[in-house]
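Working through the structure, step by step
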Amino acid sequence: MRRLLYLLLILLCSCANEVDILNPAPTVPVVYGLLSPEDSVHRVLVTRLFVADGNIDSIARLPDSLYFKNAEVFLELRTPKGYVIDRNKMEPIQIEDKEDGLFLTRPNTVFECRPFPSLAATYSSEIDYTITVSIPDLKISALARSRIPSIPGLGLPASLYGRNKINLYDYQNNKITIGHQRNEYTEFQLVFRFSEYRWDEWVDAEFVYRIKLAPGPEIDHRLLPGGGGGEPPHIELDAPFLYNLVANRIKDDPQVSTRKFYNIELRIINADHDFWDYTWSFEYLTDFNEVNYSNVTNGYGLLSTYRVLAYPPYGLSWQSLDSLCRGTVTRHLNFKIW
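Conventions and cut-offs
Residues numbered from 1 in each chain as written. Predicted model: local features only at pLDDT ≥ 70, side-chain atom pairs only at ≥ 80, totals over all residues. Heavy atoms only, no water. Helix = DSSP H or I, 4+ residues; strand = E, 2+ residues; numbered from the N terminus. Buried < 20%, exposed > 50% of the residue type's maximum accessible area, 1.4 Å probe, protein only. Contact = heavy atoms within 4.5 Å. Areas by Shrake-Rupley, 256 points an atom, 1.4 Å probe, with all protein chains shown as cover. Phe/Tyr/Trp six-rings, centres within 6.5 Å; stacked < 30°, edge-to-face > 60°. Lys NZ or Arg CZ within 6 Å of the ring centre and 35° of its normal. Pairing = 2+ DSSP bridges. Core = buried A, V, L, I, M, F, W, Y, C linked by side-chain atoms within 4.5 Å. Salt bridge = Lys/Arg side-chain N within 4 Å of Asp/Glu carboxyl O. pLDDT = per-residue confidence, 0-100.

**Some points on the overall build of the chain**
Summing up its helical and strand segments, the chain has 5 helices and 17 strands in all. Sorting the 338 residues of the chain into buried and exposed places 45% on the buried side. Partitioning the intrachain contacts of the chain with sequence separation of at least 6 by distance along the chain shows that 69% fall at a separation of at least 24. Taken as a whole, the chain presents about 17900 Å² of accessible surface, with 51% of it coming from carbon and sulfur.

**Digging into helix H5 (residues 318-326)**
Every buried residue belonging to H5 is among Ser320, Leu321, Ser323, Leu324 and Cys325, and all of these are buried. Those residues of H5 hidden inside the fold are in contact with strand S9 (165-166), strand S11 (185-198), helix H3 (239-249), strand S14 (256-271) and strand S17 (315-316).

**As for the packing of aromatic side chains**
Centre-to-centre distance and the angle between the planes together describe a pair of aromatic rings. This model, assessed by the stated rule, comprises 10 aromatic pairs. Ring geometry for Tyr185 versus Trp276: centroids 5.5 Å apart, planes at 25°, classification stacked. Taken as a pair, Tyr185 in strand S11 and Trp276 in helix H4 (residues 273-283) lie far apart in primary sequence, 91 residues in all. Overall, Trp276 belongs to the partly exposed group, its relative accessible area being 22%. An aromatic cluster is built from Phe192, Phe194, Phe207, Phe261 and Phe335, whose rings are joined through pairwise contacts. The positively charged end of Arg87 is found above the aromatic ring belonging to Phe74, 3.7 Å away from the centroid.

**Structural notes on the sheet that holds strand S8 (residues 154-155)**
The strand order S8-S10-S13 describes an open sheet built from 3 strands, whose pairing is antiparallel. Two strands in the sheet have a free side with no partner beyond their single neighbour: S8 and strand S13 (234-236).

**Let's talk about unusual backbone geometry**
Most peptide bonds adopt trans geometry, and most residues besides glycine take a negative phi value. Look at Asn298: it is not a glycine, yet its phi comes out positive at around 65°. By the secondary structure assignment, Asn298 is in the loop between strand S15 (296-297) and strand S16 (300-310). You will see that Asn334, though not glycine, has its phi angle at about 65°, which is positive. Its place among the elements puts Asn334 in the segment after H5.

**Structural notes on the nonpolar core**
Residues Leu190, Phe192, Leu266 and Phe335 are the most contacted members of the largest nonpolar core, which totals 35 residues. Only strand S10 (175-178), S11, strand S12 (201-213), H3, S14 and H5 provide two or more residues apiece to this core. The leading source of residues in this core is H3, at 5 residues. Not counting chain neighbours up to four residues away, the residues in contact with Leu190 comprise Phe207, Val208, Tyr209, Ile235, Leu237, Phe241, Leu245, Ile264, Glu265 and Leu266.

**Here we look at the sheet that holds S15**
What the 12 strands build is an open sheet, ordered S12-S11-S14-S16-S1-S2-S5-S4-S3-S6-S7-S15; its pairing is mixed. The sheet is open, and its two edges are formed by S12 and S15, each paired on a single side. In terms of strand pairing, S14 meets S16 through 5 bridges, oriented antiparallel. Counterpart to Ala271 in the pairing with S16 is Tyr306.

**Here we look at the pattern of salt bridges**
Scanning the model with the defined rule gives 15 salt bridges in all. Linked through salt bridges whose partners overlap, the residues forming this network are Glu126, Asp128, Arg145 and Arg147.

**What to know about the side chain of Ser323**
Note that Ser323 resides in helix H5. The class for Ser323 is buried, based on a relative accessible area of 15%. Apart from the residues within four sequence positions on either side, Ser323 is in contact with Tyr169, Tyr243 and Thr330.

**Description of the confidence of the model for the chain**
Residue-level pLDDT values for the chain average 82, and 75% of them are 70 or greater. When the elements of the chain are averaged for pLDDT, helix H1 (residues 2-16) gives the smallest value, 44, and H3 the largest, 97. Contacts from residues 1-24, a stretch scored under 50 in pLDDT, to residues over four places away or in other chains number 37 contacts.

**Overview of the environment of Leu303**
Its location among the elements puts Leu303 in strand S16. Between the alpha carbons of Leu303 and Gly33 there is a distance of 4.8 Å; along the sequence they are 270 residues apart. Excluding its chain neighbours within four sequence positions, the residues that come into contact with Leu303 are Gly33, Leu35, Tyr129, Thr130, Ile131, Ala144, Arg145, Ser146, Asp272, Asp274 and Asn295.

This is the structure:
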């Protein structure tokens, strides 16, 4: 979840410092929000499309070039047919300054509201988050909708239920199945945490192994990572898989004399279809395609929803840890068993 939030912050900063010059063009709202039902607070960025006539540098430094004066923003829960279940008004607040760029760094305004207590009773139903933006003095408005994805989950083997350590040599009981709804984007993450002793101090480190499953009308599991033979997507969390993964992800570093293992965390993230379409549009963006994906009606930007399930961190069994430290695949990384 933290990485997804970091991704949103990067997108917000980059979008806040880009220039769209349209001539002629009306000013319209630009909306960015990445929401989760598990959030303690919801925040969205609402700015205006930048249209300049004259000295761009000086005009971009004016607050009115980036923000609407009297924006009215609401977050709603709606059914797929558009019926409003609940509604919260979002209030403007000031957050930390933006990075230096074309536009002013301060004020940095976002809209904020509390989550919906009523959402807990509607988890089993299809529900949308809806952002409505109204600018009364300019008589313009915009709307963005995002379907709340299903609750993510992994099919864990019996050896991991109620346990706090993984035995990588339990080859008969090491398959982890990745739950995936075909109309949603799903990302499986294996986080490997460790520490390195460099420059006379211990420095925490980690790497993340990901499997990304795109939404689509039909899924051929044979073409997905770990999905051979028509099986649902999965990984085999065994000794060959993990030790080779560690050896490939952690590089030799003459500044590091010793390493120690901390834990392994398993996470699964579900996001709506629009999140996949938006990130996919950036990956395949070319010089001939300057229009990024947007799901905002009468505006630009993205409203997307995600859910995260993180399992308690696992240690390694004594045999598995011993092989990490002394085995032929990873012993050059100098992991210590203490």
